[in-house]
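What follows is the residue order along each chain.
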Amino acid sequence: MPLPLSHIRVLDLSRVLAGPLCTQHLADMGAEVIKVEPPGKGDDTRDWGPPFAVPRDGDMPGISAYFMCVNRGKQSVTIDLTTPRGQELLRELAAKSDVMIENFKVGGLEKYGLDYASIKQINPRIVYCSITGFGQTGPYANRAGYDFVVQGMGGLMSVTGQPDDTPSAEPMKVGVAISDEMSGMNALSGILAALVGREKTGEGACIDVALLDVTVASLINQASSYLVSGKVPTRLGNAHPTIVPYEAFPTKDGHIILAIGNDGQFTRFCDAAGIAHLAKDERYATNPQRIAHRPELVRLVTQRLIEETSRYWIDLLESRAVPCGPINRIDEMFADPQIVARGVQREASVGQAAPMPMVANPVRMAGHDTTSAKAPPMLGEDTEAVLSRVLGIGADEIAALKKAGTI
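This text gives an overview of the structure that appears in the document. (Residues numbered from 1 in each chain as written. Predicted model: local features only at pLDDT ≥ 70, side-chain atom pairs only at ≥ 80, totals over all residues. Heavy atoms only, no water.)

### Some thoughts on empty space enclosed by the protein
One water molecule sets the probe size; rolling that probe over the atoms shows where empty space is left. Within this structure, the stated rule accounts for 1 cavity of 30 Å³ or more. Put simply, the largest cavity is a space of about 30 Å³. As for the largest cavity, its lining consists of Arg72, Arg346, Glu347, Met358, Thr371, Ser372 and Ala373. Residues of the lining of the largest cavity, tallied by class, amount to 2 nonpolar, 2 polar and 3 charged. (1 Å grid on protein atoms, 1.4 Å probe; cavity = no way out; pocket = protein on both sides within 12 Å on 5 of 7 lines; lining within 4 Å. Points joined across faces, edges and corners; volume = space filled by probe spheres on them. Nonpolar A, V, L, I, M, F, W, Y, C, P; charged D, E, K, R; others polar.)

### Let's talk about the nonpolar core
Core analysis: the biggest nonpolar cluster contains 28 residues, and Leu13, Leu93 and Met100 have the highest contact counts within it. Of all the elements in the fold, those that place two or more residues in this core are β1 (9-13), β2 (32-37), α3 (84-95), α4 (116-122), α16 (383-391) and α17 (395-404). Sequence-distant contacts of leucine 13, that is, excluding residues within four places in its chain, are made with Val36, Leu81, Leu90, Met100, Ile101, Glu102, Asn103, Phe104 and Leu109. In terms of nonpolar packing, the next biggest core, distinct from the first, is built from 27 residues, Cys22, Leu26, Ile131 and Leu212 among them. (Core = buried A, V, L, I, M, F, W, Y, C linked by side-chain atoms within 4.5 Å. Buried < 20%, exposed > 50% of the residue type's maximum accessible area, 1.4 Å probe, protein only. Helix = DSSP H or I, 4+ residues; strand = E, 2+ residues; numbered from the N terminus. Contact = heavy atoms within 4.5 Å.)

### Some details on the layout of surface pockets
In this structure, the largest pocket spans a volume of roughly 910 Å³. In terms of lining residues, the largest pocket is bounded by 29 residues, among which Cys69, Val70, Val176, Glu181 and Val359 are the most central. At the level of secondary structure, the elements contributing two or more residues to the lining of the largest pocket comprise α1 (18-28), α2 (65-68), α6 (178-201), α14 (330-335) and β13 (356-359). For the lining of the largest pocket, a count of residues per class yields 22 nonpolar, 5 polar and 2 charged.

### Digging into the sheet that holds β2
Here we have 6 strands laid out as an open sheet, ordered β5-β2-β1-β6-β7-β8, and parallel in their pairing. Edge strands, defined here as strands with exactly one partner in the open sheet, are β5 (74-78) and β8 (205-210). Geometrically, the sheet is characterised by an average inter-axis angle of 20 degrees between neighbouring strands, direction not taken into account. α3 rests against β1, β2 and β6 (99-102) of the sheet, and its axis sits at about 150 degrees to β1. (Pairing = 2+ DSSP bridges. Axes fitted to C-alpha atoms, helices over the stretch in contact; angles between N-to-C directions.)

### Focus on the packing of aromatic side chains
Under the defined criterion, the tally for this structure stands at 4 aromatic pairs. With centroids separated by 5.0 Å and ring planes inclined at 80 degrees, the aromatic side chains of tryptophan 48 and tyrosine 66 adopt a geometry described as edge-to-face. Here tryptophan 48 is found in the loop between β2 and β3 (52-54), whereas its partner tyrosine 66 is found in helix α2, with 18 residues between them in sequence. On the basis of relative accessible area, tryptophan 48 is assigned to the partly exposed category, the value being 42%. Between phenylalanine 134 and tyrosine 140 the ring centres are 5.8 Å apart and the planes differ by 80 degrees, which places this aromatic pair in the edge-to-face class. By relative accessible area, which is 34% here, tyrosine 140 ends up partly exposed. One Lys or Arg, arginine 15, reaches over the ring of phenylalanine 104 and ends 4.1 Å from the middle of that ring. Seen from the ring of phenylalanine 148, lysine 173 lies directly overhead, with NZ or CZ sitting 5.9 Å from the centre. (Phe/Tyr/Trp six-rings, centres within 6.5 Å; stacked < 30°, edge-to-face > 60°. Lys NZ or Arg CZ within 6 Å of the ring centre and 35° of its normal.)

Next up, the structure:
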């Protein structure tokens, strides 16, 4: 069976992470994704290394591990959009595409005739998605948006990191560019919804995704708790603001995560740990009471857990249906039997070179392989094929475009 998006063509003018992550998911689901890059340079992330899956070859950019993780399944076409002919080529490609995605600064493509208003004139069915730091409107619209900055502005760092009364306490960003990642996924959701809507209306849509909006929305219960109570959430380290005990605890040889979500789980934990009296103590019998007496309860649980090894506790607590787990390094994570069984680590072929290791698309769909086996492209490797196949441009004109530096 064909993949569900095998009838969709995507013109991808995005760079770095949020847009490319979105379009990689579209490619994994079968869409033809034409990634447009500047001639001779390419997406900035091609050089964001080491490590490199394919090293730079002279003046030709290679493929960094960073670029590799969000660009599989795509075709790379090099076009200089600052030239009139380059702009014409992009408009011609947009006229034959279902989706166009970009992450230029607000208004950055208008001067090239590649903004939504211009593209809609030649393709009313286009689903056009813009990803920016702060959106198309508002006093910050013209600012450049970076994940780290937005994590701070959006409140995420104010609830991430150790509490103020602990050593080396400071606001902390998430260990990956989570605002970029979530923005890519929200863009994906909007694009898919617009494609479904187009089936009824015959018209495309203009989608505006802002990293700041996405980051605020990601606060979920923290934002909701503030809006309901007026109390500003603070950093709690690994602890949970409304559930106890729900954090990382030291053991005899490391740490484990204890994630007790209800009173029954707390009772089972106490029974298994040989501290059954705590579950019967009115100070700890219910979650609201455990919240009220958090410091002393955490101290008592820590005293018990540190007496045995992590493996001892995980084996024991899993046997009693108490939610818990290890804190794996990335190498330990990839070696975990569950990760191995699920086939999370995959490979993509790239010419005669050694296969590239990849992380599989997490969306599984019966009857389909939802992880593209096509490796991330070398810069411009598909330029001639795409211009010939999609736009019908002949070899002589392609040669002239190359000579002019347009492609």
